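# Fold and geometry: a report
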Amino acid sequence: MPTATDLFEKARNHERLEQLKAAREHDLLPYFRLIEGEAGPVMEMEGRERIMLGSNNYLGLTGDERVKNAARQALEEYGTGLTGSRFLNGTTPLHLELERELAEWMGTEDALSFTTGYQANLGTIGTILQPGDTVIVDSGDHASIMDGVALARARIRPFRHNRLDKLEQMLERGAEDGGGVLVVVDGVFSMEGDVCDLAPIVELCKRFGARLMVDEAHGVGVLGARGAGVCESFGLEDEVDLRMGTFSKSLASCGGFIAGPAEVIDFLRIQSRPFMFTASAVPAAVGAALEAVRICRSDEGPQLFARVLENARSLNRGLHELGFKVVDPRTMSDGSELFTSIVPIVVGDDWEAVTFWKALYDAGVYSNVALYPAVPRGGALLRTSVMATHEREHLDRALEVFERVGREAGVIS
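Keep in mind that what you see is a predicted model, and the values were worked out from it rather than measured. (Residues numbered from 1 in each chain as written. Predicted model: local features only at pLDDT ≥ 70, side-chain atom pairs only at ≥ 80, totals over all residues. Heavy atoms only, no water.)

### Structural notes on the sheet that holds strand β14 (residues 368–370)
As summarised here, the arrangement of the 3 strands in space is β12-β15-β14, forming an open sheet in which the pairing is antiparallel. The two strands at the open ends of the sheet, each matched to only one other strand, are β12 (342–348) and β14. The average angle at which neighbouring strand axes cross in this sheet is 25°, direction not considered. As judged from the 6 bridges shared by β12 and strand β15 (residues 380–385), these two strands associate in the antiparallel manner. Bridged to G348 within β15 is A380. Across the sheet, helix α13 (residues 300–322) touches β12 and β15, and the angle it forms with β12 is around 25°. (Pairing = 2+ DSSP bridges. Helix = DSSP H or I, 4+ residues; strand = E, 2+ residues; numbered from the N terminus. Axes fitted to C-alpha atoms, helices over the stretch in contact; angles between N-to-C directions. Contact = heavy atoms within 4.5 Å.)

### Focus: the pattern of salt bridges
Evaluation of the coordinates by the stated rule reveals 36 salt bridges. Between R86 and E99 there is a salt bridge whose closest N-O contact spans 3.0 Å. Here the residue R86 occupies a position in the loop between α3 (65–78) and α4 (93–106), and E99 occupies one in helix α4, the gap between them amounting to 13 residues. When the shortest N-O distance is used, the salt bridge between R317 and E337 registers 2.6 Å. Note that R317 is positioned in helix α13 and E337 in strand β11 (residues 337–338), a separation of 20 residues in sequence. Linked by salt bridges that have partners in common, E97, R100, E101, E104, R294 and R297 make up one network. (Salt bridge = Lys/Arg side-chain N within 4 Å of Asp/Glu carboxyl O.)

### A short note on the environment of R211
Tracing the backbone shows R211 in strand β7 (residues 211–215). Taking the C-alpha atoms as reference points, R211 and S139, 72 residues apart in sequence, are found 18 Å from one another. Among residues more than four places away in sequence, those in contact with R211 are V181, L182, V183, C205 and D241.

### A word on the side chain of S280
By the element assignment, S280 lies in the loop between α11 (273–276) and α12 (283–297). Of note is the side chain of S280, whose polar atom sits 2.7 Å from the backbone oxygen of G90. (Polar contact = N/O pair within 3.5 Å; in protein donor to acceptor, adjacent residues only side chain to side chain.)

### A few points about the sheet that holds β7
Across the sheet, which stays open at both edges, the 7 strands sit in the order β3-β9-β8-β7-β6-β4-β5 with mixed pairing between neighbours. The outermost strands of the open sheet, each flanked by one partner alone, are β3 (110–114) and β5 (155–159). If you compare each strand with its neighbour and ignore which way they point, the axes differ by 20° on average. Both β3 and strand β9 (residues 256–260) contribute to a ladder of 5 bridges, which runs antiparallel. Across the sheet, A111 pairs through a bridge with A259, a residue of β9. Across the sheet, helix α7 (residues 164–175) touches β4 (134–138), β5 and β6 (181–186), and the angle it forms with β5 is around 160°. Docked against the sheet, helix α8 (residues 198–208) engages β6 and β7, running at close to 155° with respect to β7.

### With respect to a nonpolar patch on the surface
Together, F87, L88, F267 and I270 make up an exposed nonpolar region whose accessible area comes to about 420 Å². Look at L88 and you get exposed, because its relative accessible area is 68%. (Patch = residues over 30% accessible without salt bridge, like charges linked within 9 Å, V, L, I, M, F, W, Y side chains within 5 Å. Areas by Shrake-Rupley, 256 points an atom, 1.4 Å probe, with all protein chains shown as cover. Buried < 20%, exposed > 50% of the residue type's maximum accessible area, 1.4 Å probe, protein only.)

### Examining the state of the cysteines
For the structure shown, the criterion picks out 0 disulfides. With no disulfide of its own, C231 lies 7.1 Å from the sulfur of C196, the closest cysteine sulfur. No disulfide involves C254; its sulfur sits 17 Å from that of C296, the nearest cysteine. (Disulfide = S-S within 2.5 Å.)

### With respect to the pairing of strand β1 (residues 42–45)
By the alternation rule, side chains of β1 split into M43 and M45, which are all buried, and V42 and E44, of which none is buried. Pairing of β1 with strand β2 (residues 48–52), which is carried by 4 bridges, proceeds in the antiparallel orientation. Residue pairing for β2: M43 is matched across the bridge by R50. Hairpin geometry of β1 and β2 is characterised by an intervening segment of 2 residues between the two adjacent antiparallel strands and by a positive phi of about 50° at E46.

### Let's talk about unusual backbone geometry
In this structure, D27 takes a positive phi of about 55° despite not being glycine. Secondary-structure assignment places D27 in the loop between α2 (17–25) and β1. Given the relative accessible area of 41%, D27 is considered partly exposed. Of note in the backbone geometry, T83 takes a positive phi value of approximately 55° without being a glycine.

### Some points on the packing of aromatic side chains
By the definition in use, this model includes 8 aromatic pairs. Between F324 and F356, the ring centres sit 6.0 Å apart and the planes meet at 20°, which makes this aromatic pair stacked. Of the two residues, F324 sits in the loop between α13 and β10 (330–331) while F356 sits in helix α14 (residues 350–362), which places them 32 residues apart along the sequence. Here F324 and F356 have matching classes, each one buried. (Phe/Tyr/Trp six-rings, centres within 6.5 Å; stacked < 30°, edge-to-face > 60°.)

Encoded structure:
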């Protein structure tokens, strides 16, 4: 007997089908574009050079010879893969050294590395929480955080993005739920590039007895004097229970980590399914990440952090002056502005954002386009990001293209 519903029917009739078809017919699809050279401020893409303003390679370390040599050395010593999980035959001295360096850099008792950043969130949240517990999340949190919550089957109480009054309401309700309460927020939100208002979040968590986890994926290697992220920028490292980070952005590799109390990290080592039941990262990736961490912790680190943030300031100010709607930096308590490496341009309409993206791409500038559901409906944006290795001439050329294409497309007048 045939089943009542064809399981694959959704693939033939999903809500994006017509839009996807039209985008492909007009070569407007902004995804899966081919990279044909090494990641850098200018890259070879689909037959021509384009200024890269859509990479998370914030410090430009993927092309650093020290990082590449560390990857080569790990490849020669351990081969192309370990063919087993960290739990069994997948742990090398490189892993242990990387975790020691991460814990020292973050100023925590211990750290645990995962094969991907996605798994770091999935494996931490899905293990710390259990049915009966409550997790409170910002509506702008990364998808990996939401998927970790689903894995735990805990009660979820989302609050509107950066609305502290809504967070307080959720904490009041969470206190009555009967289990443990965990608040999880992005330090730097990946699409809009804005920063969480960490100080009052810490105070609210203290008042209600909730634990706090901060996703520092886009903050580590960029923000803070040591490059330790948003928590360091706010001077609140000791007030945050768990801090997650990735290797696939500033740290020039692939993977992720969680840093926090030794007893929690040890618990994750023997309980976290996404850690225990996935293959260990390839040795070259671990070696590259370790060398990138060491560069960040050296005297050179602060120079790289300053360079990427100065580039972000220049691009942000340049786009503002041209008339684009750019997300403003956070103003700190001392009146200074906290820029991040992400500089988003709000367009609004999905189709207008895609056509603007393609015009920029054809003119030699690559950026990322974010559409619903990655952003709220009517909030489509072009997400640009900078590297420490961008020179002033790269940004000036990009701004010239933005001005010309923006006027032609009617995005600016």
